[in-house]
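Below are the chains, spelled out letter by letter.
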Amino acid sequence: MALAKELAQAIIDPKSYSQREIVDEAFRTIRANQPLDKAELEDMDPFWVVSRHADIKEIERQPDIFHNGDKSTFLSTKEASARVAMLTGGEPNLIRSLVSVDGKEHKDLRAIVFPHVTPKAIRPLEEAIRGIAREFVDHMLSTGGECDFATDVAFLYPLRVIMTVLGVPQEDEPFMLKLTQELFNNADPELNRRRAELSPDEMLKSLWETTMELENYFKAVTEKFRANPTDHINSLIANAKIDGEYLNHRQMMGYYIIAATAGHDTTSNTTAGAMWALAERPELLRQMQENPELINAFVEESIRWEVPVKHFMRSAVADCEIGGQQIKAGDWLMLSYQSGCRDESVWADPFEFRIDRESNPQIAFGYGVHVCLGQHLARMEMRILWEELFKRITSVELNGKCERTISNFVCGPKHVPIRFTAN
């Protein structure tokens, strides 16, 4: 028995995610009644909806059976998938990045940057990141006690950090922010390329234009860093070789794009969501200031709470059983990280923001070989920001209506108006 059409529609509709309660309630029902079942919608290939924490982890730990790149790695209509294949010469994704390749290619690509983003490797960055955090806290405090934390701090601070690590000049940051928002928020009239409601054809055209603009930018980056290599991440990508050969065009561009966009947008969404939670809970700020050792727990709960990457798709290459269901070779599966991070069998009170959890095995960064490459840097920059901010503010509350991005992929708060007092 397939999922009811209204449930299936709710969990794929970008507008549902702008009202998170709609999605949370749909997945609550799915987890309770049909935790692993098929969605069958007219304009999409059928796909399994994987809603439970344990089932998501089981799939993620079997990359040889469940591939990222054989079909679209993201929710996509039949028509959009066909058009993407035409644009890419038969590949299922516009961008060939770490999240949309498998096997040896994925292992080889990941190995280029992985040694440089381990906890030990990023430790020397802490002082520089703290300086950036203080700059943005100072900027926030200069607003006179009122700001939109999302646009004034959360969007800009992680952007500065990742662009510094990548080797992108500060003057290029607005350009990178604009293109990132266009890439991930194509369904949102406030943030997409046209600043309008788009038809499916217009969405795909806009995505292609944004991708080409990013590729043109990174073509010059490659030339720059091959002529003068540095220890920046973009230089590692430009000069990387696999089996003695430079990365091919799509590999290289995909690497640049995923590092430059997902490298800050996910952290921005989590940071904005954490402030939203904080502003709604006056006791939480006092608790954090009295117990600064709880900041890591605060960061981890904010990651679970916001879940900036809502889903990835996988495709089975062999028959198998997951969660009591028979999965066939060729089947397409939606891994819902938002649902997995609300699983009642894993967390008591999953719809409450709590920093007193004994354990918090959130899977918002993914799991297994495809776990987020930048997870340790993201945790570090969030921890440092809150350490600096909690020293300075004495109260915070919402100062208007918060708004979420219209997107079913990477999304989170786009406006978090707050009123605060400071030392």
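Preceding block: the structure.
Now for a quick tour of the structure.

Rules and cut-offs
- Residues numbered from 1 in each chain as written.
- Predicted model: local features only at pLDDT ≥ 70, side-chain atom pairs only at ≥ 80, totals over all residues.
- Heavy atoms only, no water.
- Helix = DSSP H or I, 4+ residues; strand = E, 2+ residues; numbered from the N terminus.
- Buried < 20%, exposed > 50% of the residue type's maximum accessible area, 1.4 Å probe, protein only.
- Lys, Arg positive; Asp, Glu negative; His and termini not counted.
- Salt bridge = Lys/Arg side-chain N within 4 Å of Asp/Glu carboxyl O.
- Contact = heavy atoms within 4.5 Å.
- Expected span 1.5 Å × (residues − 1).
- Phe/Tyr/Trp six-rings, centres within 6.5 Å; stacked < 30°, edge-to-face > 60°.
- Arc of directions from axis to C-beta.
- Core = buried A, V, L, I, M, F, W, Y, C linked by side-chain atoms within 4.5 Å.
- Disulfide = S-S within 2.5 Å.
- Pairing = 2+ DSSP bridges.
- Axes fitted to C-alpha atoms, helices over the stretch in contact; angles between N-to-C directions.

On to the side chain of Glu215, then. Tracing the backbone through its elements, the reader meets Glu215 in helix H12 (residues 200-227). For the buried Glu215, which has no salt bridge, the nearest side chain bearing the opposite charge is Arg250, at an N-O separation of 5.4 Å. Excluding residues within four positions of it along the chain, Glu215 makes contact with His249, Met253 and Ile257.

As a further point, take H12. With 28 residues, H12 should reach 40 Å at 1.5 Å per residue; the first-to-last C-alpha distance of 41 Å fits that figure. Those residues of H12 that are buried are in contact with helix H5 (78-88), helix H10 (157-166), helix H11 (173-184), helix H13 (233-239) and helix H14 (249-279).

Tallying each qualifying case throughout the model produces 16 aromatic pairs. With centroids separated by 6.1 Å and ring planes inclined at 45°, the aromatic side chains of Phe74 and Phe312 adopt a geometry described as tilted. In this pair, Phe74 is assigned in the loop between strand S3 (66-67) and H5 and Phe312 in strand S7 (residues 311-316), connecting sequence segments 238 residues apart. You can call Phe74 partly exposed: its relative accessible area is 24%. When the ring of Phe74 is compared with that of Phe409, the centres are 4.7 Å apart and the planes differ by 65°; the resulting orientation is edge-to-face.

Residues Glu105, His106, Leu109, Arg110, Ile112 and Val113 constitute the buried set of helix H6 (residues 103-113). Buried residues of H6, viewed axially, fall in a sector of 145°; they line one side. Of the residues in H6, the exposed ones pointing more than 90 degrees away from the buried face are Gly103 and Lys107. Looking at the buried positions of H6, the neighbouring elements they touch are H13, strand S5 (241-242) and H14.

A few words now on the nonpolar core. Formed by 112 residues in total, the largest nonpolar core has its most connected members in Phe149, Phe218, Phe298, Trp386 and Ile418. Setting aside residues up to four positions removed in sequence, Phe218 forms contacts with Met176, Asn234, Met253, Tyr256, Ile257 and Ala260. Grouped together as the second largest cluster of nonpolar side chains are 21 residues, Ile11, Met44, Leu75 and Trp332 included.

Once that is clear, we can look at the state of the cysteines. Note on terminology: a disulfide is the covalent bond linking the sulfur atoms of two cysteines. Overall, the coordinates contain 0 disulfides when judged by the stated rule. With no disulfide of its own, Cys147 has Cys402 as its nearest cysteine by sulfur position, at a separation of 11 Å. Free of any disulfide, Cys411 has its nearest neighbouring cysteine sulfur in Cys341, separated by 13 Å. Judged by relative accessible area, Cys411 falls into the buried class, the value being 2%.

A few words on unusual backbone geometry. Phi angles above zero are rare outside glycine, and Asp243 is one such case at about 55°. Note that Asp243 resides in the loop between S5 and strand S6 (245-246). Since its relative accessible area comes to 67%, Asp243 is described here as exposed. Of note in this structure, Val307 is not a glycine but carries a positive phi near 45°. One can find Val307 in the loop between helix H16 (295-306) and S7.

Let's shift gears to the sheet that holds S3. Here 5 strands make up an open sheet; going across it, the order is S1-S2-S10-S7-S3 and the pairing mixed. The open sheet terminates on both sides in strands that have one partner only, identified here as strand S1 (36-39) and S3. Of the pairings in the sheet, the one linking S3 to S7 comprises 2 bridges and is antiparallel in character. Note that in S7 the partner of His67 across the bridge is Ser315. Taken strand by strand, helix H4 (residues 53-60) contacts S1, strand S2 (47-50), S3, S7 and strand S10 (332-336), and its axis lies near 125° from that of S10.

Enumeration according to the criterion identifies 40 salt bridges in this entry. The shortest N-O distance in the salt bridge between Asp243 and Lys104 comes to 3.2 Å. Placement of Asp243 in the loop between S5 and S6 and of Lys104 in helix H6 is noted, with a sequence separation of 139 residues between them. Linking Lys414 and Glu190 is a salt bridge whose minimum nitrogen-to-oxygen distance equals 3.0 Å. With Lys414 in strand S13 (residues 413-415) and Glu190 in the loop between H11 and H12, the pair connects residues that are 224 residues apart, well separated along the chain. Taking the relative accessible area as the measure of exposure, Lys414 reaches 6% and is therefore buried.

As for its position among the elements, Glu105 is in helix H6. Residues contacting Glu105, with those up to four places away along its chain left out, are Arg96 and Gln251.

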